[in-house]
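# Summary of structural features
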Amino acid sequence: MKVVRGCALVFLSLVGMAAIAPEWWTRARYDTQFRDRPDAPPSRAFPLGTDALGRDRWARLWYGTRISLTLAPAAALVSCAAAALAGGGAGWMGGFLDGALQTASDLFLSLPWFFLLLMVRAFLPLNAAPLASIALTFALLGALGWAAPARVVCAAVRRIKTSEFFFQAQAAGCRAARVLWRQLLPNVAPVLWAQFWVAVPAYILAEATLGMLGLGIAEPLPSWGGMLRELEGAPSFRQWWLFAPAVLLAAVVTSLQAILSRKEDSV
Amino acid sequence: MVLIVLAAGFICALLVRYAPGALVDERELDPHLSEENLAALRAEKASDASVNANFIRYLRGAVHGDLGYSESNRAPIAALIADRAPETLRELAIGLGGAWLIGLAAAIPAGRWRNAHLYDGLSSAAAALLLSVPAAVAAYVCLLAGLTSGVVLMIVVAPKIFRFARNLIVPAYGAPHVFMARARGLSESRILFAHVLPPSAPQLLALAAASVSMAIGAAIPIEAICEVPGLGRLAWQAALARDLPVLVNVTMLVALATTVAMTLAGARPWGEERKPEATR
């Protein structure tokens, strides 16, 4: 397994480095149109061909990778922060807050995650500007993903509160702030870290599915989901290059899962 | 359970009321409308401003089978749901039934032959790979291969069931009483049905309930891509057309389905008893 994880880490590093600044090494920007070459098949100049507007798919793939790989962790950070606040607060305070958290998370989790995402996305403007659509999509992912991690964090805080070292710290006269900082946070951090790594691939996949259904990031900004919409026009597997975003996405998510299994082992 | 469904509906109604453009009618843009007509339209919309009154009116109508009217489909919502539910139910039955068969059939050998590391590694890798493909992409690929939406759902849900079931069954096969049963010469089928599955039954039941939620979530992109006239496609079209009354109804229906499944399984959605799943 170590070899697999090592390969996954190397692959993710390479993809990450390639996606940091695609403008340095790709032939064109994501929105540059080659009007004389629309729908071109793969060639040396355009490794994945061009789309119906004559834009270089290879360049768009890497710009889209940058967006997904930057914003999925950002959204995961948002949901983990919300989970830490809600779950940690409920677990620490107990009583009414704990009950309120359970009820609220029951409510959130009574709906399938993707359905909830689709529903709330529909209530927000669909014709948002490209940058606003990025913020909207990933803010939504972050805001709606708090419930499951909050429950895990709440359970972890409750468990820590009944542990011997916690009682000992209290008996030694530690102030609440110090107990929180020195005893609770270091023990909850691995749980939050694991939740973060669970959320990242889930958000990447959710963005891709939303994009494919026309509810994701708006044109002309590229995203994996937006590029996968081109599959709609693929009559057969012969146009293999249209599947390139799906292959890269699957490889990235599989690599993240391989690394995630390591995180699980360590928690 | 009823409270959760009602709360889901009420929150939806709140979202509908405060969604951008909720109190604006597109007909107001019509230059042919007179001032009186515009005033009447605005008054009609203003009467919809109270969330509580609207929700109570909706519930009263729902009791009598009136779920409202879909502007985008130009049809009563109750009729739309009645038309589309059978297709989704059929798809869910095929998808979930097949996914459980495949998931369990793939998980049991991993526990039964504890030294079959190659099989365990390959099956886990295959599951991880399938889990890394968005449901919509899987739907496209299956569509090109001529498979039906039920089969696509099966392919999307089976790896999740396999993964959770494997994590339950492998430790169950390693329990001392299973070794003892094997030493006493019990048949493998008896070991499975009497000594492996019963201790895992509560978790498997919780997984069964969770799989309903997974399948409903996956049904939306699959129906949208495979053009299946089911509830998932209805929800997607309603989302694109911002047909919010349809979304409220479908939301309550989905919340009802998942909470019934969770209640029947005796599990709270993603509760502490299922924490190992949540951390995965």
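Owing to the predicted nature of the structure, the values given are computational and were not obtained by experimental measurement.

What follows deals with the interface of chain A and chain B. Between chain A and chain B, the residue contacts involve 46 residues of the former and 51 residues of the latter. With both sides pooled, the region where chain A packs onto chain B buries about 4,200 Å², and carbon together with sulfur makes up 72% of that total. Sorting the residues of chain A by area buried against chain B places Phe-115, Phe-123 and Leu-213 of chain A first, and these three jointly supply 16% of that buried surface. Our enumeration of links across chain A and chain B arrives at 3 residue pairs in polar contact (both at pLDDT 80 or more). Where the side of chain A that touches chain B is concerned, the elements lending two or more residues are helix H4 (95-109), helix H5 (113-123), helix H7 (147-161), helix H9 (176-212) and helix H11 (244-266) of chain A. Grouping the amino acids of the side of chain A that touches chain B by side-chain chemistry returns 32 nonpolar, 8 polar and 6 charged.

Let us look at the state of the cysteines. Tallying each qualifying case throughout the model produces 0 disulfides over all chains. Counting only cysteine sulfurs, Cys-226 of chain B is the nearest neighbor of Cys-142 of chain B, a cysteine outside any disulfide, at a range of 7.5 Å.

Helices that pack against each other are described as a pair by the angle of their axes relative to one another and the distance between those axes. All names here are of chain A. Two elements in contact, H5 and helix H6 (residues 130-144), have axes whose closest approach is 11 Å; the angle formed by their N-to-C orientations is 135°. When the axes of H5 and H6 are compared, the pair comes out oblique. In this structure, H5 crosses over H6, and the sense of that crossing is right-handed. Contact with H5, carried on its side by Trp-113, Leu-116, Leu-117, Val-120 and Arg-121, involves Leu-136, Thr-137, Leu-140, Leu-141 and Leu-144 of H6 and no other residues of that element.

Residues and elements named next belong to chain B. Per-residue confidence for chain B averages 83 on the pLDDT scale, and 88% of its residues sit at or above 70. Taken together, the stretch residues 270-280 has pLDDT below 50 and engages in 30 contacts with residues farther than four places along the chain or on a different chain. Of the two predicted TM-score estimates for the complex, the pTM is 0.84 and the ipTM is 0.83.

Take the side chain of Asn-249 of chain B next. Residues and elements named next belong to chain B. By secondary structure assignment, the location of Asn-249 is in helix H11 (residues 244-265). Among the polar contacts made by the side chain of Asn-249, one reaches the main-chain carbonyl oxygen of Pro-245 at a distance of 2.9 Å. Ignoring any residue separated from it by four or fewer positions in sequence, one finds Asn-249 in contact with Tyr-58, Leu-67, Ile-77 and Ile-81.

Conventions we followed
Residues numbered from 1 in each chain as written. Chains lettered and ligands numbered in written order. Predicted model: local features only at pLDDT ≥ 70, side-chain atom pairs only at ≥ 80, totals over all residues. Heavy atoms only, no water. Contact = heavy atoms within 4.5 Å. Buried area = accessible area lost by both parts, 1.4 Å probe. Polar contact = N/O pair within 3.5 Å; in protein donor to acceptor, adjacent residues only side chain to side chain. Helix = DSSP H or I, 4+ residues; strand = E, 2+ residues; numbered from the N terminus. Nonpolar A, V, L, I, M, F, W, Y, C, P; charged D, E, K, R; others polar. Disulfide = S-S within 2.5 Å. Axes fitted to C-alpha atoms, helices over the stretch in contact; angles between N-to-C directions. Parallel < 35°, antiparallel > 145°, perpendicular 65-115°, else oblique. Left-handed = near helix turned anticlockwise from the far one by under 90°. pLDDT = per-residue confidence, 0-100.

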